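The residues making up each chain are set out below.
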Amino acid sequence: MQERLKDRYIDPFTDFGFKKLFGEECNKELLLDFLNELLHTEEGKIVSLSYLKTERLGISEESRKAVFDLYCENEKGEKFIVELQKTKQTFFKDRTLYYSTFPIVQQAIPGDWSFELKAIYTIAILNFVFDEDKHNTEKYRYDVMLTDIETHKIFYDKLTFIYLEMPKFTKSAEELETRFEKWMYVLKNLKRLENIPDKLRERIFEKMFSVAEIAKLTEDEYQDYIDSLNSYRDLQNSIDTAKAEGRAEGLRDLQNSIDTAKAEGEAIGRVEERFEVVRNSLRAGLSVETISQITGLSLKEIETLK
């Protein structure tokens, strides 16, 4: 048996960690509480949630797939897309807008349809800051709706985008005031904590800490978490290396290639996609060994593609 991690709690920014906390039926109340705190001014209290298939197909075979991190609906039929974005993507706002079109089209009823839509909420938890917002260090939450430019009044209230720039949230546990701030703190700091802060001694957070305990994972869950954690760390290390070497153009291409592969709902497996990732990785100055870890290709295969 392999030696266990010294960390006490899982990292929510890994694929495994995020879905363990928010994507399992037995932990649904965690997601319900988070969404209620996030949306209470727009939505009103959400009573129940149902998980939906995370893969959505376009209306034609040629349409590109979309794979949501989390997709659910409430008792009124309103849809919620929750996305966790680990690294900066140049066109991430475009991507969230594209994602919102799937639940819109899904509501089209064949026959005599009045075009009445249920509300759609797209929530993006970001482990980066948008370049255009980096100088506004105090604002980390962005609520976006269709508004009139002149009056600034909301023109259409059934399409909402919420972006949370996690790096900007810097409050300590002692400074937390609202329940929403507590959620922000937990998501950002969970992996670094050893005990539950006094400010978080509430039933919902105590359950979250209990679910997040690495020691309580089964052997299979633990291995899945390690694989997810290693993938996240490899990606971050590759990006940090490229940044340190100043190869920004290649880095952006690398990130977009990886995110495109995810957005299309396929692992980096097809020859064309792998070739694109390898090409952009080489432009970013990454080593053959690092590229092998990212793509799953052997060193020989990468040398051949070079």
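Cut-off values and rules
- Along each chain, residue indices are assigned from 1 in the same order as the chain's sequence is written.
- With pLDDT at 70 or above as the cut-off, local features in this predicted model cover only qualifying residues; side-chain atom pairs require 80 or more to be listed or tallied, and sums for whole chains, interfaces and linings still use all residues.
- Side-chain numbers come from the whole structure's heavy atoms, not from hydrogens or water.
- Counting from the N terminus, the helices are DSSP H or I runs at least four residues long and the strands are E runs at least two residues long.
- Burial status follows relative accessibility: with a 1.4 Å probe on protein chains alone, a residue under 20% of its type maximum counts as buried, one over 50% as exposed, and anything between as partly exposed.
- We call two residues in contact whenever any of their non-hydrogen atoms come within 4.5 Å of each other.
- In short, Shrake-Rupley with a 1.4 Å probe defines the accessible areas, and a residue's cover is counted only from the protein chains shown.
- A residue's pLDDT is simply how confident the predictor is in it, with values from 0 to 100.
- For this document, the term salt bridge refers to a Lys or Arg side-chain nitrogen within 4 Å of an Asp or Glu carboxyl oxygen.
- Think of a polar contact as two N or O atoms within 3.5 Å of one another; within protein, one of them needs to be a possible hydrogen donor and the other a possible acceptor, and neighboring residues in sequence only count if both atoms come from side chains.
- In this description, strands pair whenever DSSP reports at least two bridges between them.
- Buried Ala, Val, Leu, Ile, Met, Phe, Trp, Tyr and Cys residues form a nonpolar core when they are joined through side-chain atoms within 4.5 Å.
- Axis lines are fitted through C-alpha atoms, for helices just across the contact stretch, and the angle between N-to-C directions can take any value from 0 to 180 degrees.
- Note on angle classes: values under 35 degrees are labelled roughly parallel, values over 145 roughly antiparallel, values of 65 to 115 roughly perpendicular, and the remainder oblique.
- Under the convention adopted here, Pro, Cys and the residues Ala, Val, Leu, Ile, Met, Phe, Trp and Tyr are nonpolar, Asp, Glu, Lys and Arg are charged, and Gly plus all remaining residues are polar.

Trainee: Sorry if this is basic, but what is going on with the overall build of the protein chain here?
Mentor: Assigned secondary structure in the protein chain consists of 10 helices and 8 strands. Counting every position in the protein chain, which comprises 306 residues, the buried fraction comes to 47%. Residue pairs in contact within the protein chain that sit at least 24 positions apart in sequence constitute 61% of those at least 6 positions apart. When the accessible surface of the protein chain is summed, it comes to about 16,300 Å², and 51% of that surface belongs to carbon and sulfur atoms.

Trainee: Please explain the confidence of the model for the protein chain as it appears in this structure.
Mentor: Predicted coordinates in areas of low pLDDT are best not read in detail. Residues with a pLDDT of 70 or more make up 77% of the protein chain, whose mean pLDDT is 83. Ignoring residues within four places in sequence, the model shows residues 265-269, a span with pLDDT below 50, making 12 contacts including any to other chains.

Trainee: Mind showing me how you'd approach the pattern of salt bridges here?
Mentor: Under the counting rule described, the total for this entry stands at 21 salt bridges. Here glutamate 213 ties to arginine 8 by a salt bridge, and the two come within 3.8 Å at their closest N and O atoms. With glutamate 213 in the loop between α5 (203-212) and α6 (219-244) and arginine 8 in the segment before α1 (15-22), the pair connects residues that are 205 residues apart, well separated along the chain. When its relative accessible area of 16% is taken as the criterion, glutamate 213 is described as buried. We note a salt bridge from glutamate 25 to lysine 28, for which the minimum N-O separation is 2.5 Å. Judged by relative accessible area, which is 17%, lysine 28 ranks as buried. A single salt-bridge network, built from bridges that share partners, covers Asp33, Glu37, Arg179, Lys182 and Glu202.

Trainee: Looking at this structure, I do not really get the environment of glutamate 25. What am I missing?
Mentor: Its place among the elements puts glutamate 25 in the loop between α1 and α2 (28-43). Reaching out from glutamate 25, the side chain makes a polar contact with the side chain of lysine 28 at a distance of 2.5 Å.

Trainee: Help me understand the pairing of strand β7 (residues 141-147), please; the structure alone is not making it clear to me.
Mentor: Pairing between β7 and strand β8 (residues 154-165): 6 bridges, direction antiparallel. Bridged to leucine 146 within β8 is tyrosine 156. Between the end of β7 and the start of β8, which pair antiparallel, lie 6 residues, with histidine 152 showing a positive phi angle near 65°.

Trainee: How should I be thinking about the nonpolar core in this particular structure?
Mentor: Most often, soluble globular proteins keep nonpolar side chains buried together rather than apart. If you look at the biggest cluster of nonpolar residues, it comprises 55 residues, and the most contacted ones within it are Phe22, Phe34, Leu35, Leu39, Ile125, Leu164 and Met208. Per-element tally for this core: the top contributor is α2, with 7 residues. Every residue in contact with leucine 164, bar those within four places of it in the chain, is listed here: Phe34, Leu38, Ala124, Ile125, Leu126, Tyr140, Arg141, Phe180 and Met184. Counting residues in hydrophobic clusters, the runner-up holds 10 residues, among them Phe92, Ala124, Phe128 and Tyr142.

Trainee: When you look at the packing of helix α4 (residues 179-189) against α5 in this model, what are you seeing that I'm missing?
Mentor: A pair of packed helices can be characterised by two numbers: the angle between their axes and the separation between those axes. The geometry of α4 relative to α5 is characterised by a closest axis approach of 12 Å and an angle of 10° between their N-to-C directions. Put simply, α4 runs roughly parallel to α5. Along its contact with α4, which presents Arg179, Lys182, Trp183, Val186 and Leu187, the element α5 presents Ile204, Phe205, Met208 and Phe209. Considering only residue class, the contact of α4 with α5 consists of 7 nonpolar, no polar and 2 charged.

Trainee: Teacher, can you tell me more about the environment of asparagine 36 here?
Mentor: Inspection of the secondary structure puts asparagine 36 in helix α2. On a C-alpha basis, the gap between asparagine 36 and phenylalanine 180 in space is 9.2 Å, while along the polypeptide they are 144 residues apart.

Trainee: Which parts of the structure should I look at to understand the sheet that holds β7?
Mentor: Consider a sheet: its strands pair through backbone hydrogen bonds, and that pairing is either parallel or antiparallel. Ordered in space as β1-β4-β5-β6-β8-β7, the 6 strands form an open sheet in which the pairing is mixed. For this open sheet the edge positions go to β1 (49-51) and β7, each flanked by a neighbour on one side alone. On average, each strand axis in the sheet is tilted by 25° relative to the strand beside it, whichever way the strands run. Strand direction decides the pairing type here: strand β6 (residues 120-126) and β8, joined by 7 bridges, are parallel. If you follow threonine 122 over to β8, its bridge partner there is phenylalanine 161. Helix α3 (residues 92-106) rests against β4 (70-74), β5 (79-85), β6 and β8 of the sheet, and its axis sits at about 155° to β5.

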